[in-house]
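Analysis of the macromolecular model
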Amino acid sequence: MDPHSRLSQFNQRPPKAGPAAIKSRHMDLLPLQKSPSLDRFTKKFTHDLRRPIATNSRIKKNERFSKDMYLAFVNNALQQKFLGDNESYDMLVDQFNVKKMSYDAPSPIPQLCLWLQALIHVVSRLDRTHMALIEAVLRLPWMTMDSSLVKTYTSFIQILVSARPEYLSLVLNRIAQDFTYQSGLQALDASLPESSSAPLTRRIVYDRIHHLLRHLLTLVPTLPTTLQPLLVQHFPHKRQSQASQITYIRNMLRITNYCPEIADSLLSTIIDRAIQIDVEIQVELEELEASGSAQEQADLFDLDPFDTVVGQEQSNDPGEDADGSEEGSDGFSDLSSEADAQDDDDAPPVAEPLDLGRITEMVNKLDAILKLLFDHFDRPPSPSPSPSTPSTPATTRLTSSPRPRSPSPAAETEESRTLQQLAQFHTLLAIFTRTILCTFRSRYTQFLLFWFASRNAAFADLFLGELVAHALLEPAQSEVARAAAASYVASFVSRAIFIGRDEARGAVRVLCRFLEHDADAFETGSGGAAPPSVFYAVAQAVFLIFCFRWRDLVEGDGNGEVGCDGEQEALAGPSKKMWMAELSIIQRVVACPLQPLKFCSENVARQFARVAHATGFMYVFPLLAAPPPARSAEQQLPALPSGSSINALSELTSFFPFDPYKLPRSSSYIEPIYREWAGVAIDCDEEEDEEEEEEEEMGERVAGQRRFGPVDRLDVEADGLGASFGGMSISPVPAPFHSTAVPLEISSTVV
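What follows concerns the overall build of the chain. When its secondary structure is counted, the chain shows 33 helices and 0 strands. Excluding contacts between residues fewer than 6 apart, the proportion of contacts in the chain whose partners are at least 24 apart in sequence is 82%. Of the accessible surface of the chain, which amounts to about 38700 Å², a share of 53% is contributed by carbon and sulfur atoms.

As structure tokens, this is what we get:
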């Protein structure tokens, strides 16, 4: 210190009185200081100790430091694993195990993002020896987390699949599993803290998965071939709940919109599952309505599982059997409802109790599945933009030469819709030929073709042409397939309102010519005739169409609407003048030794006799009571693997593919285009009906027990005949004939 300073200890004057104490003298040697003021303290630290400002460069520097630190750890872990030390590698794998994260810890999403970004830099080093790390990342419930993690995870998966194609199957398998209803429930086990106040619904979860899948489709052109079997593998078993079924099916139908390469396969899988459920419904829905449980189960369908908040569902699956996973491990069960029938035909039938609750559940499942398919096909085509630029409109096709006028957007939309419908119809037609046609126990699945054919006259003509070709023009087809096709022709022409007069007459014309050819071949013995089962099926097709469409078969102006009083007078003239010429063969066919009326369905035979007599076409009541055909004709029946050929033929002739549609939810698609029997039945005097019934009963008394086949099983009154005919069903009735029926093992492959 400067000795000349005024603060120096030498400038301090000593006290006047007495010597100072030692302490006082020592303290006096120190400089006197004033107590610091608050203003001075504040100014001093304000100018000297300034707080650092968080600039963008500083934030980026900190983020870069964090990324470098995570990347250094990842590099070290991979290097140590290569040298044989797995400790750091195991720690890295545990970072993606959300179950080991504490509730008290902050959100792990920022750390997970940093780990994924570090893995992106070393993705080329992640060979098959690092399978555990990749599996841990794929098990991450990323679709339920923050959007920042979703973006980082999507980038990592894209780079991983591009750099390491060997992980494509593993990634797609996880994606297919995430489409299931149980994936949202399993994601709840992560117990991660909420990162957003908005509720997370299943719709958001599945949107994120579809977004990732669409990105992968743009990167890997061969992805559909790997994805298709994985989607089929994870299809829920038919015993699983309705929510499980419709959730997975909705996701599969959405995939068909942006991955048309596997649309045929996915639709076939969905329809196969619908058929499996369909064949188990072997009771009339009136019984279910009487039980009082149908409406309660149907109400569950009103809840859209896609709008359910993740975490508010019940984890248990009430519609799934205890052994559902084992039963569905092989993909599908037998399509035939008779697959597990008894081998011994002589063994007495076992009366099983009717489980209405289970059947009601299956009905609701089928109704929900068909409703989804109808909605899917009825939805207008939507543009499919690139996933990277979702707002970019679809580009139009350009030609080298400029066009004078560009088509309007409405015209392009209509053309796109027509092309899409045509592709969908051909897909459904292929599935029908491959699967539906040869499944006799299905009740409702075939209505997909029925409805789709109504959308365009060309579709209806093409569908009817395919059915006629299968029944009449393809001798290489199996007998059961040809007989089934004939049943479809009859039911389609009879029930479809959109099948006009010309189409109905054309179908009858072709069927009658076929019957004429076979009748000639049988009588002359020249050969070349179709098997008797096909002959009977075609004959029944003509009988059924006549009952429904006899007004269109009358020659004239095509109106055919005559009153009850003048109906007999209008149709009682010569047959060649009043009826189309091809119908003359029917009078010959019903009286031939094959006696088709003896092997047709009882309802069809009786109603044909009644309508033919009422319209003046012909009188066939005595033929119903005639004795059975000769043994030589019976021996010409097709040989079956086991059981009675007569019973097997009854299975064919009692199959009416388009019986009244009674599923409540999806019936709105069928009712406007469906022809009910009540709308075409002949309502004449009750006295005439009673007289006809007396003639039938008299003929039955004469025949007694000598007759066999479908005609001698029931004693149906005339008043109830029309009602039973209007609601013909393939459901078995409690009669001895049905209890001993032989199951038909039908291959779904049509050559």
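Moving on from the model shown.
Before going further, it helps to spend a moment on the packing of helix α6 (residues 131–138) against helix α8 (residues 168–178). α8 packs onto α6 with a crossing angle of 25° between their chain directions and a minimal axis gap of 11 Å. Put simply, α6 runs roughly parallel to α8. Once α6 is placed against α8, the crossing between them reads as right-handed. Counted together, M131, I134, E135 and L138 of α6 and L170, V171 and R174 of α8 form the full contact between these two elements. Of the residues belonging to the contact of α6 with α8, the class tally is 5 nonpolar, no polar and 2 charged.

Once that is clear, we can look at the pattern of salt bridges. Enumeration according to the criterion identifies 16 salt bridges in this entry. Residue D207 pairs with R254 through a salt bridge whose shortest N-O separation is 2.5 Å. Of this pair, D207 sits in helix α10 (residues 202–219) while R254 sits in helix α12 (residues 242–258); the two residues are 47 residues apart in sequence, bridging distant segments of the chain. Here E361 ties to K365 by a salt bridge, and the two come within 3.7 Å at their closest N and O atoms. Taken together, the residues E361 and K365, both in helix α17 (residues 356–378) and 4 residues apart, mark about one turn of the helix. For K365, a relative accessible area of 2% gives the class buried.

Okay, the packing of aromatic side chains next. Applying the stated criterion to the full structure yields 36 aromatic pairs. Aromatic ring contacts, followed pair by pair, group F432, Y444, F447, F450, F463, Y488, F492, F498, F658, Y661 and Y674 into a single cluster. Here the basic side chain of R202 rests over the ring of Y181, its NZ or CZ set 4.1 Å away from the ring centre. The side chain of R455 reaches across the aromatic face of F452, ending 5.2 Å from its centre.

The subject of this paragraph is α12. For the α-helix, the turn length of 3.6 residues means that residues three or four positions removed from each other point alike. Between the first and last C-alpha of α12 there are 25 Å, a value that for 17 residues agrees with the 24 Å anticipated at 1.5 Å per step. In terms of burial, α12 is a largely internal element, 13 of the 17 residues being buried.

A few words on the nonpolar core. By size, the foremost hydrophobic cluster in this structure holds 186 residues, and its most contacted members are F96, L373, F546, L583, I586 and F608. With 14 residues, the top contributor of residues to this core is helix α23 (residues 532–549). Among residues more than four places away in sequence, those in contact with I586 are C512, L515, V542, F543, F608, F617 and M618.

Turning our attention to the packing of α23 against helix α27 (residues 602–614). Across the interface, α23 lies against α27 with an axial gap of 9 Å and an inter-helix angle of 50°. Judged by the angle between their axes, α23 and α27 are oblique. Every pair of crossing elements has a handedness; the one defined by α23 and α27 is left-handed. Contacts from Q540, F543, L544, F546 and C547 in α23 reach V604, Q607, F608, V611 and A612 in α27.

Turning our eyes to something else, we now look at the confidence of the model for the chain. Per-residue confidence for the chain gives a mean pLDDT of 73, with 60% of residues at or over 70. Averaged over each element, pLDDT in the chain is lowest for helix α33 (residues 736–739) (32) and highest for helix α19 (residues 447–453) (96). Note that pLDDT drops below 50 for residues 388–404; the model gives that stretch 6 contacts with residues more than four away or on any other chain. Under a pLDDT of 50 for its full length, residues 560–577 has, in the predicted model, 25 contacts with residues more than four places off or in other chains.

Structurally, I271 can be placed in helix α13 (residues 263–278). We classify I271 as buried; its relative accessible area is 1%. Ignoring sequence-local partners within four residues, the contact set of I271 consists of L373, L428, I431, I436, T445 and L448.

What follows deals with unusual backbone geometry. Phi is positive for Q595, close to 45°, though the residue is something other than glycine. As for its position among the elements, Q595 is in the loop between α26 (584–589) and α27.

Along the polypeptide, R417 turns up in helix α18 (residues 409–436). Through-space distance from the C-alpha of R417 to that of P380 is 6.6 Å; in sequence the pair is 37 residues apart.

So, on to the side chain of T615. With respect to the secondary-structure elements, T615 resides in the loop between α27 and α28 (621–624). From its side chain, T615 meets the backbone oxygen of V611 in a polar contact 2.7 Å long. A distance of 3.3 Å separates a polar side-chain atom of T615 from the backbone oxygen of A612.

Let us now look at the side chain of H210. You can see H210 is positioned in helix α10. Side chain to side chain, H210 and N251 meet in a polar contact 3.1 Å long. Not counting residues up to four positions away in its chain, the partners in contact with H210 are F179, N251, R254, I255 and Y258.

Another aspect to go through is the environment of L464. One can find L464 in helix α20 (residues 457–472). When the C-alpha positions of L464 and F492 are compared, they lie 7.9 Å apart, and in sequence the two are 28 residues distant.

Thresholds, definitions, all that
Residues numbered from 1 in each chain as written. Predicted model: local features only at pLDDT ≥ 70, side-chain atom pairs only at ≥ 80, totals over all residues. Heavy atoms only, no water. Helix = DSSP H or I, 4+ residues; strand = E, 2+ residues; numbered from the N terminus. Contact = heavy atoms within 4.5 Å. Areas by Shrake-Rupley, 256 points an atom, 1.4 Å probe, with all protein chains shown as cover. Axes fitted to C-alpha atoms, helices over the stretch in contact; angles between N-to-C directions. Parallel < 35°, antiparallel > 145°, perpendicular 65-115°, else oblique. Left-handed = near helix turned anticlockwise from the far one by under 90°. Nonpolar A, V, L, I, M, F, W, Y, C, P; charged D, E, K, R; others polar. Salt bridge = Lys/Arg side-chain N within 4 Å of Asp/Glu carboxyl O. Buried < 20%, exposed > 50% of the residue type's maximum accessible area, 1.4 Å probe, protein only. Phe/Tyr/Trp six-rings, centres within 6.5 Å; stacked < 30°, edge-to-face > 60°. Lys NZ or Arg CZ within 6 Å of the ring centre and 35° of its normal. Expected span 1.5 Å × (residues − 1). Core = buried A, V, L, I, M, F, W, Y, C linked by side-chain atoms within 4.5 Å. pLDDT = per-residue confidence, 0-100. Polar contact = N/O pair within 3.5 Å; in protein donor to acceptor, adjacent residues only side chain to side chain.

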